[in-house]
Every structure is written in structure tokens, then in C-alpha cells.
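Architecture at a glance
Here is how the chains run, residue by residue.
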Amino acid sequence: MSDEPRLTHLDAAGAANMVDVADKAITDRVAVAEGQVVMRAETLDLIVSGNAKKGDVIGTARLAGIMAAKRTHELIPLCHALLLSKVAVEIEPAPALPGLLIRATVRTSGQTGVEMEALTAVSVACLTVYDMAKAVDRFMRIENVRLLEKSGGRSGHWQAD
């Protein structure tokens, strides 16, 4: 087998296929992703004060992120349905942006990783913030959604610079 990097979801003919994980070891797996929603300072103040017209933006975004992680396999065509043991979504005000920093940690014990679940949780939490505050700030930007860290499986531990 070649040591060259390859796209694991493509077969020899180049067709997209779900990866067969049947022969992979069951290991504890964790992935952490982050993203941010940049907004006007006044919008951040409105969200943090709990006075947004649509209600608790941070609480709703946290729940949306958790729900999204659990449904990743329904959104990303070749993802496996996984039994997640933990999904945590943390949302913190970042006045220096100004905006919100969103981080998701996902855990499972299984044969494939949870990177896509962590990234989906962050993405949907960011989209929920945008949806709930767009009436007062159409200039918001979702930025820097990325994987920070993953562990478990054959490739072991990886961490972003």
C-alpha cells in the first residue's frame, strides 16, 4: 500500500463511496472545532444582555449545535451514523472581535472519528446566531470554522498550529 495521501471516500474508479470501517479498531475518539460570528458591538451587547427579539441567542445556538452534531450523518452524505457519548458547545462573548467564539467538543467510542460532528456543531451554532440576530445586523460574518484537535484511531492525536 502506498504512503501517498489519498482521498479515502473515492474508489479506484474515482466514484464516491462510504468508507468501510468494519476492520478498524474501536477506540475513544474526540474532536474539537471552533468558529466565530463577527458582528457590530451593539449586536453583541444585545445578545449578551438577553434582549434579542427572538430570545436567548446563546442558549438556542448551543442547543442547535448539539442537535446538529447528532444529525451530521443526515447532512453530510458519506458520514457514518455514530453513537455520540458527549457533545459540548461553548459560546463566549469576544468583545475584541466584536462577536461570539463558538467551540464544540464531541466524543465517541467507535471505529471512525467525530471531526465532522464537531465541525457541524460549530457551523450550525454559528448559523443559528446569524439567524437570530440578522434583523439587527446583516453585516455579521461567520469566520474561521476549523478543526482544532482530534484524537483516537489509527492516526492518533493531531492538533492545529
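Positions within a chain are numbered from 1, following the residues in the order the chain's sequence is written. For a predicted model such as this one, the threshold for reporting local features is a pLDDT of at least 70, and the threshold for listing and counting side-chain atom pairs is 80 or more; totals across whole chains, interfaces and linings nevertheless cover every residue. Side-chain measures were taken over the full set of non-hydrogen atoms in the model, leaving aside hydrogen atoms and water.

Another aspect to go through is the packing of helix α2 (residues 57-70) against helix α4 (residues 115-133). The angle between two axes is taken between their N-to-C directions and runs from 0 to 180 degrees, where each axis is a line fitted to C-alpha atoms and a helix contributes only its stretch in contact. Under the scheme used here, helices are H or I runs from DSSP no shorter than 4 residues and strands are E runs no shorter than 2 residues, and both carry numbers assigned from the N terminus. For the pair α2 and α4, interaxial distance at closest approach is 7 Å and the crossing angle is 145°. Note that α2 runs across α4; the crossing there is right-handed. Of the residues in α4, those in contact with Val57, Thr60, Ala61, Ala64, Gly65, Ala68 and Ala69 of α2 are Glu117, Thr120, Ala121, Val124, Ala125, Thr128, Val129 and Met132. Each residue gets one of three labels, nonpolar for Ala, Val, Leu, Ile, Met, Phe, Trp, Tyr, Cys and Pro, charged for Asp, Glu, Lys and Arg, and polar for the others, Gly among them. When the residues that make up the contact of α2 with α4 are grouped by side-chain class, the tally is ten nonpolar, four polar and one charged. Helix crossings are classified by the rotation of the near helix relative to the far one: an anticlockwise turn of less than a right angle makes the crossing left-handed, while a clockwise turn makes it right-handed. Any two residues whose heavy atoms approach within 4.5 Å at even a single point are treated as in contact.

Bringing the sheet that holds strand β1 (residues 27-38) into the picture now. Paired strands are those between which DSSP finds at least two bridges. Sheet architecture is open: five strands sit in the order β2-β3-β1-β4-β5, paired in antiparallel fashion. This sheet does not close on itself; its edge strands, each paired only once, are β2 (86-94) and β5 (158-159). Pairing between β1 and strand β4 (residues 141-151): eight bridges, direction antiparallel. Across the sheet, Ala33 pairs through a bridge with Leu147, a residue of β4. Here α2 sits on the sheet in contact with β2 and β3 (99-110), set at roughly 150° to β2. This element, α4, spans β1, β2, β3 and β4 of the sheet and lies at about 25° to β1.

For the rest of this paragraph, the subject is the nonpolar core. Nonpolar side chains tend toward joint burial in soluble globular proteins. Within the largest apolar cluster, 31 residues are counted, with the highest numbers of intra-cluster contacts made by Met39, Ile47, Val89, Leu100, Ile102 and Val129. Going through the elements one at a time, β1, α1 (41-49), α2, β2, β3 and α4 are the ones with two or more residues in this core. When residues of this core are assigned to their parent elements, the largest contribution, nine residues, is made by α4. Sequence-distant contacts of Ile102, defined by excluding residues within four places in its chain, comprise Ala33, Glu34, Gly35, Val37, Val89, Glu90, Ile91, Val122, Ala125, Cys126 and Val129. Here the nonpolar core consists of buried residues drawn from Ala, Val, Leu, Ile, Met, Phe, Trp, Tyr and Cys, with membership extended through side-chain atoms lying within 4.5 Å. Buried, partly exposed and exposed residues are distinguished by accessible area as a fraction of the type maximum, computed with a 1.4 Å probe on protein chains only: under 20%, between the cut-offs, and over 50%, respectively.

What follows covers α1. Three or more residues of α1 are buried, namely Thr43, Leu44 and Ile47. Seen along its axis, α1 keeps its buried residues to an arc of 100°; they face one direction. Of the exposed residues in α1, those oriented more than 90 degrees away from the buried face are Glu42 and Asp45. On the buried face of α1, the contacting elements are α2, β2, β3 and α4. Gly50 occupies a position one or two residues after α1 and carries a positive phi of about 80°. This arc corresponds to the set of directions leading from the helix axis out to the C-beta atoms.

As a further point, take the pattern of salt bridges. Should a side-chain nitrogen of Lys or Arg be within 4 Å of a carboxyl oxygen of Asp or Glu, the pair is scored as a salt bridge. A complete count under the given rule lists eight salt bridges for this structure. Salt-bridge contacts for Asp131 lead to Lys54; the nearest nitrogen and oxygen are separated by 3.7 Å. Here Asp131, found in helix α4, pairs with Lys54, found in the loop between α1 and α2; they are 77 residues apart in sequence, far enough to count as distant. Its relative accessible area of 35% is what places Asp131 among the partly exposed residues. Of the charged contacts, one joins Glu143 and Arg141 as a salt bridge, the two residues approaching to 2.6 Å between their closest N and O atoms. For Glu143, a relative accessible area of 24% gives the class partly exposed. What makes Arg141 partly exposed here is its relative accessible area of 42%. The network of salt bridges with shared partners includes Glu34, Arg103 and Arg146.

Purely geometric stuff here, so don't read any function into it on its own.
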